[in-house]
Amino acid sequence: MNTLSPNQILLIYAWFPLSVMIFLLLLIARFYQNLTGENTRYYLFAVPIVIFGVAAAHYANIDRVMGDPAGDLLLFLGGLVLGYLSIRLYRQMTEGR
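Residues numbered from 1 in each chain as written. Predicted model: local features only at pLDDT ≥ 70, side-chain atom pairs only at ≥ 80, totals over all residues. Heavy atoms only, no water.

(A) Representation of helix α2 (residues 46-62) within the structure. Relative to the 24 Å expected for 17 residues at 1.5 Å per residue, α2 spans 25 Å between its end C-alpha atoms, a close match to the ideal helical length. When we look at burial in α2, the residues that qualify are P48, I49, I51, F52, G53, A55, A56, Y59 and A60. D63 sits one or two positions beyond α2 and adopts a positive phi of about 55 degrees. (Helix = DSSP H or I, 4+ residues; strand = E, 2+ residues; numbered from the N terminus. Expected span 1.5 Å × (residues − 1). Buried < 20%, exposed > 50% of the residue type's maximum accessible area, 1.4 Å probe, protein only.)

Structure below.
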């Protein structure tokens, strides 16, 4: 049986704080939707959590930190989706105020 290297453990461990922060954004969007009745599509914040999780698992599987095209693409897509959703939520919450 293979043991986990420190690099693999840190990669997987780093995903948890990131997913907690994104989950907090999801809860903020859900709270705003419940408060105002506007549709924030808060459930879409689960997409970057999954994408970053797959990227962390991929990098842990190959035991590298960066430099793999598939892993880099997953990180880029996760960041792109998270950025879009965050800016959309920010504009929705501050528009007209």
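Resuming the write-up.
(B) Summary view of the nonpolar core. With nine residues, the main nonpolar core is built from I22, L26, A29, F45, I49, F52, L82, L85 and L89. Mapped by element, the contributors of at least two residues to this core are α1 (6-36), α2 and α3 (69-94). Apart from the residues lying within four places of it in its own chain, the contact partners of L26 are Y42, F45 and A46. (Core = buried A, V, L, I, M, F, W, Y, C linked by side-chain atoms within 4.5 Å. Contact = heavy atoms within 4.5 Å.)

(C) Summary view of the packing of aromatic side chains. Applying the stated criterion across every chain yields a total of two aromatic pairs. Summarising the aromatic geometry, the rings of W15 and F16 are spaced 5.0 Å apart at their centres and angled 70 degrees between planes, so their arrangement reads as edge-to-face. For W15, a relative accessible area of 22% corresponds to the partly exposed category. (Phe/Tyr/Trp six-rings, centres within 6.5 Å; stacked < 30°, edge-to-face > 60°.)

(D) Spotlight on the packing of α1 against α3. Between α1 and α3, the shortest axis-to-axis distance is 11 Å and the interhelical angle comes to 30 degrees. The orientation of α1 with respect to α3, classified from their angle, is roughly parallel. Seen from above, α1 lies across α3 with left-handed handedness. Residues I22, L25, I28, A29 and Y32 of α1 lie in contact with α3, whose contacting residues are L82, S86, L89, Q92 and M93. Taken together, the residues of the contact of α1 with α3 sort by class into eight nonpolar, two polar and no charged. (Axes fitted to C-alpha atoms, helices over the stretch in contact; angles between N-to-C directions. Parallel < 35°, antiparallel > 145°, perpendicular 65-115°, else oblique. Left-handed = near helix turned anticlockwise from the far one by under 90°. Nonpolar A, V, L, I, M, F, W, Y, C, P; charged D, E, K, R; others polar.)

Remember, this is a structural readout, not a statement about activity or role.
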